[in-house]
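# Coordinate analysis (summary)
Here is what each chain is made of, one letter per residue.
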Amino acid sequence: MKKRNKKEYTHKKRKFVRMPYFEYIAISFMLIPFVTSLQCDIVLIESTEGRKKIANCQNIGLTQVPSFLPNDINILDLSKNNIKNLSNYDFERYGILEKLILKKNILQCIEEKSFVGLNRLKILDMSENKLNLMQSYTSEIFLPLVNLTNLDIRRNIKQPSDTNLFHYPDNAFAVLEQLDFFALDMAPNPSFGKGFRRLKKLKSLTFELCYLKYLNNSVFENFSSNINEFNLTGCRLHVVHVENNILLPFPKMTKLNLEGTCMHLKQALNILSPYGGKKFTLMNFGGLSCPVFSNEKNPFALTITKEMMRYLRTICVESLNLSDNGIIDFEEDSLLSFDRPKCLEHIYFKGNRFAFSKGRQMDELQSFIQTSTNLKTLDYSYIPVRYELSNSDLGRNIVHEKKQSKSSEVIIFPRSLTTLLLSNVLCYDFERLLLIPEESNLTYLDLSFGFSLTAILFQKNSSQKIETLLIDGHPHSTFIDQDELINNGKIKTLKWRDASLYMHMNPENKHYSSRIQALFKKLKYLEHLDMSKNSLWFLPENLLQSMTYLSELRLSKNLFRLVPRQITDLTNIKLLDFRQNLLTTLDKKTRIWADSMNQKQGLDVLIADNAFECKCDNLDFIEWINKTKVKLDSRSYKCTLANGSLINVREAYGKLHDLFSHCESSTWLTVASTLLSTCFVTALLLLIYGKRWEISLFFYRQFRNIVKKKYCKSFKYDVFVSYGDDSGPWIKKYLIPKLEHDWKLKMCLKDRDFLPGCSYFDIEAESIEKSRHVIFLLTPSFKSSEDYLFAVERVKHEKRIRNIENIIVLAKGISLKDIPTELTYIWNYVSFIQWPDETDDFDIMWQQLRLWICHDLM
């Protein structure tokens, strides 16, 4: 056996050391245990508590506790293995062990003396196993663990088949008198015996995997009164029936987390009676009013009343979460009324359905904002109050609200606010202005997918500290056109996803394109940029030029066929995301750049789910994938062979000789063919030169006949029709019978001829390319269709290279002045037909249309 070299890596105060060879001398030479010990990573860490030795044995297929690790380890991690049983004295040799992690195994049985020798153990994690609470824990099993302070046995219990009293094995846990943190599962009808009274030092109690149905007033009476943190989360299988005084045994409570437990918000607010006037760090009531259990007494559509808030309003709470509770309204002096609003630092209304639209509500919101002078986080996101109204209804509604309200429509946020979340707000019912004041501390602003009449204004020096800006779903830059917001130069993260940016970055759309380029030039300190899901197939020239600090660029779910050249000019990139695009390869320049970036600072490249090709001209890419040190999201990407079959890149690399042996011979054949062709062409040119006068005379005689014949190209379709959603019936009733049945032409229609499973834009582009003529059927809904801009741009391209003979605009129900501006750029090539309203003129229009698209057949 070769002696293993000692490798050290030091980073700040951490020191990683491979296990020295001499520590294996005492190990027996049985093969399997020896290999097992080599698989565990032994790491030394310098911490504030001194040097700690960690044995990391995660996910290496262990079926039993390893017995050949160093006996001076302090932390042993055996998670994600296949250990089924713990046997007597399994850990006896690890006498100074302080932390033992056994989570995510298949533990079913623990023998009574399994933990012998672990008298220094402080943390034991046996979560996510198969330990039966009624059978796995005997009264002597935890006796050796005299110093245990943290016990986690969550996610073990199987769903009970009945709701009889479930008696927890209190005698087994009673010996753990030093326990400070205890996490376990919750049965439908729990009973905690008197043995739990001995856990006097217990401060944190957590129930997570939860089948709870009943909580009576006496259920927690045997637990320590010192508990200050109580978590009861994820009880969603049943509606939980709760009595009002269940929390009386916990007078020192400061953290209460009931998130995702179906006990209804009304019940949760009622159990706060013991805490009037007290101070809480956290109250999490998110998702308590489960819609599946909605009934007349406890409806999901909930209006907050003053009576419901009678206890909560008196409590001084720093973080309050009321998200996802179906709140549709609130009575006067209820939801926003607190005796000590200065205590509030974080408040979450996410996922409810109430709006600040009436005069009284706006007044209460203003009062709440003005008095909550320490507020740091406000989450009013995912609020579907109302969908967009028609213009007439909207106008009447706004007028009505204005008459009803005399309050100001301007809400001024406190300077203390650091995080403002207003994403996915669908509220077209009332105009309001949100003002960010001078010297604001706002650092995180999320306005994604919001559609409302709300405007956000920034006063001078109000945006100096904003570092993260999310404007997903907004196809224009209205929010970030404000000079005060964008000129501060502090924005480090910009997420602009799913916003159809392909339309606004097109150079021919000069207005929006110039605005976006000017905007990006100001983002000099940007570090993280995400423009995923925007149908982009190019980036405007020099768009990223000013972003010298950019370290993370995400362009996934777009239509890129090549990595844009300007990306290789970036020098600080650490993550590049091009997943789900149309890349067929990474070109040589991009690969060289990626290797250099990885050598400089480390680079992650995400390129899964692209259209890679495994062909002769792509062999260097296949080899790079398998040899590069760049951190890729996979090395088994799917790629297409020359015969059309799929294979993964790793497999193709392993079969290079078999799959691509013809490439070298074809190269020599190409060289030989080129030389032969050169000789042939040279001889032909000499012959032509000698007969030049005879050839000129021949072409002169044939000239008239040639110019009369049109160059013929093979088209798959005679006519491609681009139309809106309201044109389907008219096309089916009139256009198809006339063009296909009477005139015998072949039409291409998206609703009939586009095959599912492929990219919509790829199919449309290919169909336009293979069509002789294009008809734009303009109707009132044409401009609102999702793909008309792409179709116009593609037709312009095909007309530019002379692939399309006629572009016909057929206006039906729309006047010439309403023609989309995008079509005016190609108006010189367009034949226009205004479809008449009178039936007498139909024949003339049909004749005119036939003259343009059938003249070579007539």
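Just above, that's the structure.
In short, a report on the structure. Note that this is a predicted model, so its numbers are computed, not measured. Just so you know, the residues in each chain are numbered from 1, in the order the chain's sequence is written. Local features are withheld for residues below a pLDDT of 70 in this predicted model, meaning they are given only at 70 or higher, and side-chain atom pairs are given and counted only at 80 or more; totals for whole chains, interfaces and linings count all residues. Note that water and hydrogens are dropped before the side-chain values are worked out from all heavy atoms of the structure.

## A look at the overall build of the chain
Summing up its helical and strand segments, the chain has 19 helices and 45 strands in all. Each residue gets one of three labels from its accessible area relative to the maximum for its type: buried under 20%, exposed over 50%, partly exposed in between, using a 1.4 Å probe on protein chains only. Per-residue burial for the chain yields a buried fraction of 47% across its 858 residues. Contact definition: two residues touch when any of their heavy atoms are within 4.5 Å. A separation threshold of at least 6 residues defines the contact pool for the chain, and within that pool the share at least 24 residues apart is 68%. To measure how exposed things are, a 1.4 Å probe is used in the Shrake-Rupley method; for residues, cover is taken only from the protein chains shown. For the chain, the exposed surface amounts to about 44,200 Å²; the carbon and sulfur share of it is 51%. Starting at the N terminus, helices and strands are each numbered in turn, a helix being any DSSP run of H or I of at least four residues and a strand any DSSP run of E of at least two.

## With respect to the sheet that holds strand β39 (residues 638-640)
In short, DSSP must find at least two bridges between two strands for them to pair. Ordered in space as β37-β39-β40, the 3 strands form an open sheet in which the pairing is mixed. The sheet terminates laterally at β37 (612-613) and β40 (646-648), the two strands that pair on one side only.

## Remarks on the packing of helix α9 (residues 588-601) against helix α10 (residues 619-627)
Between α9 and α10, the shortest axis-to-axis distance is 11 Å and the interhelical angle comes to 15°. Classed by the angle they form, the pair α9 and α10 counts as roughly parallel. Taken as a pair, α9 and α10 cross one another with a handedness that is left-handed. Contacts from R591, A594 and D595 in α9 reach D620, F621 and W624 in α10. Taken together, the residues that form the contact of α9 with α10 break down as 3 nonpolar, no polar and 3 charged. For helices, the axis comes from a line fit to the C-alpha atoms of the stretch in contact; other axes are also lines fit to C-alpha atoms, and the angle between any two N-to-C directions lies between 0 and 180 degrees. Roughly parallel means an angle under 35 degrees; roughly antiparallel, over 145; roughly perpendicular, 65 to 115; everything else is oblique. The sense of a crossing depends on the near helix, which, turned anticlockwise from the far helix by less than a right angle, makes the crossing left-handed and, turned clockwise, makes it right-handed. All residues other than Ala, Val, Leu, Ile, Met, Phe, Trp, Tyr, Cys, Pro, Asp, Glu, Lys and Arg, Gly among them, are scored as polar; the first ten of these are nonpolar and the last four charged.

## Re unusual backbone geometry
In the Ramachandran plot, Y382 falls in the positive-phi region, its phi being about 55° despite a non-glycine side chain. Position of Y382 relative to the elements: it lies in the loop between β24 (377-379) and β25 (383-384). Positive phi is not limited to glycine here, since K744 has a value of about 60°. Inspection of the secondary structure puts K744 in the loop between α14 (728-742) and β42 (747-748).

## Digging into the sheet that holds β42
Within the open sheet, the 5 strands sit side by side as β42-β41-β43-β44-β45. Their pairing is parallel. The open sheet terminates on both sides in strands that have one partner only, identified here as β42 and β45 (830-834). As paired strands, strand β43 (residues 771-778) and strand β44 (residues 806-811) are joined by 6 bridges and run parallel to one another. Residue pairing across strands places L777 opposite L810, the latter belonging to β44. Contacting β41 (717-723), β43, β44 and β45, helix α19 (residues 842-853) crosses the sheet at an angle of about 165° to β45.

## A short note on the environment of L336
Tracing the backbone through its elements, the reader meets L336 in the loop between β22 (327-330) and β23 (346-348). Residue classification places L336 among the buried positions, given a relative accessible area of 6%. Linking L336 and R313, residues 23 residues apart in sequence, is a C-alpha distance of 8.6 Å. Those residues within four positions of L336 in sequence are excluded, and the remaining contacts are F330, F349, F356, E364, L365 and F368.

## Concerning the nonpolar core
Within soluble globular proteins, side chains that are nonpolar generally end up buried alongside one another. Note on terminology: a nonpolar core comprises buried Ala, Val, Leu, Ile, Met, Phe, Trp, Tyr and Cys residues joined through side-chain atoms within 4.5 Å. Within the largest apolar cluster, 184 residues are counted, with the highest numbers of intra-cluster contacts made by F115 and F285. If we skip the residues at most four places from it in the chain, F285 touches L256, L258, L265, A268, L269, L272, L320, N321, L322, S323 and N325. Formed by 24 residues, the second largest nonpolar core is a distinct cluster that contains V774, F776, L789 and A811.

## A short note on the pattern of salt bridges
The working definition used for a salt bridge is a side-chain nitrogen of Lys or Arg within 4 Å of a carboxyl oxygen of Asp or Glu. Enumeration according to the criterion identifies 30 salt bridges in this entry. With a shortest N-O distance of 3.4 Å, R561 and D762 are connected by a salt bridge. Of this pair, R561 sits in the loop between β34 (552-554) and β35 (575-577) while D762 sits in helix α16 (residues 760-769), and the two are 201 residues apart along the sequence. The exposure class of D762 is partly exposed, given its relative accessible area of 28%. Between K796 and E793 there is a salt bridge, with its nearest N and O atoms 3.5 Å apart. One end of the pair is K796 and the other is E793, both in helix α17 (residues 788-800) and 3 residues apart, which spans about a single turn. Because the salt bridges share partners, they merge into one network encompassing D152, R154, R155 and E208.

## Some words on the side chain of S781
Following the sequence through the fold, S781 ends up in the loop between β43 and α17. Overall, S781 belongs to the buried group, its relative accessible area being 17%. A distance of 2.6 Å separates a polar atom in the side chain of S781 from a polar atom in the side chain of D726. Look past the residues within four positions of S781 in its chain and what remains in contact with it is G724, D725 and D726. Definition of a polar contact: a pair of N or O atoms within 3.5 Å, with one able to donate and the other able to accept a hydrogen when the atoms are protein atoms, and with sequence-neighbouring residues admitted only if both atoms are side-chain atoms.

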